[in-house]
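Residues per chain, in single letters:
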Amino acid sequence: MFKRLKDDSRPSLHVPRQQRTLAKTASVEGFGYWSGKDVRVEFRPAPADSGVVFVREDLPKPVKIKAVVAHRVETPRRTTLRAAGASVEMVEHIMAALGGMHVDNCEVWVNAAEMPGCDGSSLPFVEALAAAGFVEQKAARPTLFVREVTRLGNEESWVEARPGAAGALSVKFHLDYGSETAIGRQTLTLPVTPDSFRRELAPARTFMLKSEADWLLAQGLGTRATLKDLLVFDADGPIDNELRFRDECVRHKTLDLIGDLALAGCDLVGHFVAFRSGHRLNAELVRVLLTEGDMAGGWKRSA
Ligand SMILES: [Zn+2]
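Residues numbered from 1 in each chain as written. Predicted model: local features only at pLDDT ≥ 70, side-chain atom pairs only at ≥ 80, totals over all residues. Heavy atoms only, no water.

**A closer look at the overall build of the chain**
For the chain, the helix and strand inventory stands at six helices and 20 strands. Relative to its length of 303 residues, the chain is compact, with a C-alpha radius of gyration of 19 Å against a globular reference of 19 Å. Taking the principal axes of the C-alpha coordinates as reference, the chain spans close to 55 × 50 × 35 Å. Taken across its 303 residues, the chain has 56% of its residues classed as buried. A fraction of 73% describes how many contacts in the chain between residues 6 or more apart in sequence connect residues 24 or more apart. Summed over all atoms, the accessible surface of the chain reaches about 13,600 Å², with 51% contributed by carbon and sulfur. Mean positive and mean negative side-chain charge positions of the chain (40 and 40 charges, respectively) differ by 5 Å. (Helix = DSSP H or I, 4+ residues; strand = E, 2+ residues; numbered from the N terminus. Rg over C-alpha atoms; globule rule 2.2 N^0.38 Å. Buried < 20%, exposed > 50% of the residue type's maximum accessible area, 1.4 Å probe, protein only. Contact = heavy atoms within 4.5 Å. Areas by Shrake-Rupley, 256 points an atom, 1.4 Å probe, with all protein chains shown as cover. Lys, Arg positive; Asp, Glu negative; His and termini not counted. Charge placed at Lys NZ, Arg CZ, Asp CG, Glu CD.)

What follows is the structure in structure tokens.
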């Protein structure tokens, strides 16, 4: 299925990196935004080529759910993975932390379906992972090279992958809430490395408009989360909260995109441009790239 190009057509600069896992176990505790349920997440080292695997240890028999796009099921406003009759929800900020920090192999043991919301960013996860430390493993990280422009969506919202700088992943995100709102229009362009992810994206928090928050509360959702746990915007700006970045919203949308791209289960080399896109479109693009892309490094389609 893949368009296999001759080896000499690959950018000669690209040297695949070694896979990484954690040096030791790390954990994060909190509660789910949607369910309000307490939850503990334990990140454990895992062997090369095993990928990111969630383990629901609260079920009568622990169920493993591999974090790949094939296990993604559509749910509003969050990413849910489902396999073997069990699911894990709101995994996107954990996937962003693991993908952004190049933790390729990791077992994520959880004792509830919904991941902790924490402060709405990836920072608590990144800090826990960094405190545990990283180790390189004896296997190269498979890499998918974007060779041509692939765009999904419509004029309202779209996402595209295009060839980028040799050996690199970069992103550009356009956010547009209209010029009349406190969020407005924001654009961010960033080469994505563990350093840039940790500094520029990981601290950016989930946000919503007050009208959306009111609607969720009316549905009985998110009742435990407070205005300190995420950014809720009214016409003047965030309510009872201060921005960590002037353009924190577009940074969070970019963080979400990194989490969605991490469901590829391999490194992506290319430039990704998003206009008002969200989890569904981003994940759809990953599916298309895995089907049509140019893969190097012993990746197996059965993943
Ligand atoms: Zn998010």
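**Section: the packing of aromatic side chains**
Per the counting criterion, the structure on display carries four aromatic pairs. Centroid distance F43 to F125: 6.3 Å. Interplanar angle 75°. Geometry classified as edge-to-face. Of this pair, F43 sits in strand β3 (residues 38–45) while F125 sits in helix α2 (residues 123–132); the two residues are 82 residues apart in sequence, bridging distant segments of the chain. We note that F43, like F125, is buried. A centroid spacing of 5.9 Å and a plane angle of 25° characterise the contact between W158 and F275, whose relative ring orientation is stacked. A residue pair is termed long-range when its members are at least 10 positions apart, and W158 in strand β13 (residues 158–162) and F275 in strand β19 (residues 267–275) qualify at 117 residues. Comparing W158 with F275, the two get one shared label, buried. (Phe/Tyr/Trp six-rings, centres within 6.5 Å; stacked < 30°, edge-to-face > 60°.)

**Things to note about the coordination of the zinc ion**
Listed as protein donors to the zinc ion are H93 (NE2), H252 (NE2), D256 (OD) and D256 (OD); their distances from the metal cover 2.1 to 2.7 Å. For the zinc ion, the four donor atoms in the first shell make angles of 53 to 149° at the metal, a pattern classed as irregular. Between consecutive donors of the zinc ion, the numbers of intervening residues give the motif H-x158-H-x3-D. Of this pair, H93 sits in helix α1 (residues 92–100) while D256 sits in helix α5 (residues 248–261), and the two are 163 residues apart along the sequence. (Donors = N, O, S within 2.8 Å, 3.2 Å for Na, K, Ca; no water. Tetrahedral: all angles 85-135°; square planar, octahedral: opposite > 155°, others 65-115°.)

**Thoughts on the state of the cysteines**
In the structure shown here, the tally under the stated rule is zero disulfides. C118 takes part in no disulfide bond, and the closest cysteine sulfur, belonging to C106, lies 15 Å away. Take C266: it sits in no disulfide, and the sulfur closest to it among the cysteines is that of C106, at 18 Å. (Disulfide = S-S within 2.5 Å.)

**Some thoughts on the packing of helix α3 (residues 194–201) against α5**
Two numbers describe how α3 lies on α5: the axes approach to 10 Å, and their chain directions differ by 140°. It follows from the interaxial angle that α3 and α5 lie oblique. Of the two elements, α3 crosses α5, and the hand of that crossing is left-handed. Taken together, the residues of α5 that come into contact with α3 (itself represented by F197, E200 and L201) are R251, T254, L255 and I258. Broken down by class, the residue content of the contact of α3 with α5 amounts to four nonpolar, one polar and two charged. (Axes fitted to C-alpha atoms, helices over the stretch in contact; angles between N-to-C directions. Parallel < 35°, antiparallel > 145°, perpendicular 65-115°, else oblique. Left-handed = near helix turned anticlockwise from the far one by under 90°. Nonpolar A, V, L, I, M, F, W, Y, C, P; charged D, E, K, R; others polar.)

**Description of the confidence of the model for the chain**
This prediction gives the chain a mean pLDDT of 90; 93% of its residues lie at or above 70. Counting interchain partners and residues more than four positions distant, the pLDDT-below-50 stretch residues 1–9 has 18 contacts. For the stretch residues 298–303, pLDDT sits under 50, and the model shows seven contacts to residues farther than four places along the chain or on other chains. (pLDDT = per-residue confidence, 0-100.)

**A few points about α3**
Looking at α3, one finds that the buried residues are S196, F197 and L201. Angularly, the buried residues of α3 cover 100° about the axis, an arc narrow enough to put them on a single face. Facing away from the buried side of α3 by more than 90 degrees, the exposed set consists of D195 and R199. Buried residues in α3 make contact with α1, α2, β15 (185–191) and α5. (Arc of directions from axis to C-beta.)

**Regarding the sheet that holds strand β17 (residues 231–234)**
The three strands are arranged β16-β17-β18 in an open sheet whose pairing can be described as mixed. Across the chains shown, the open sheet's two edge strands, defined by having one partner strand only, are β16 (207–209) and β18 (237–238). Sheet topology places β16 next to β17; three bridges connect them, and they run parallel. Residue pairing in the sheet places F207 in a bridge with L231 of β17. (Pairing = 2+ DSSP bridges.)

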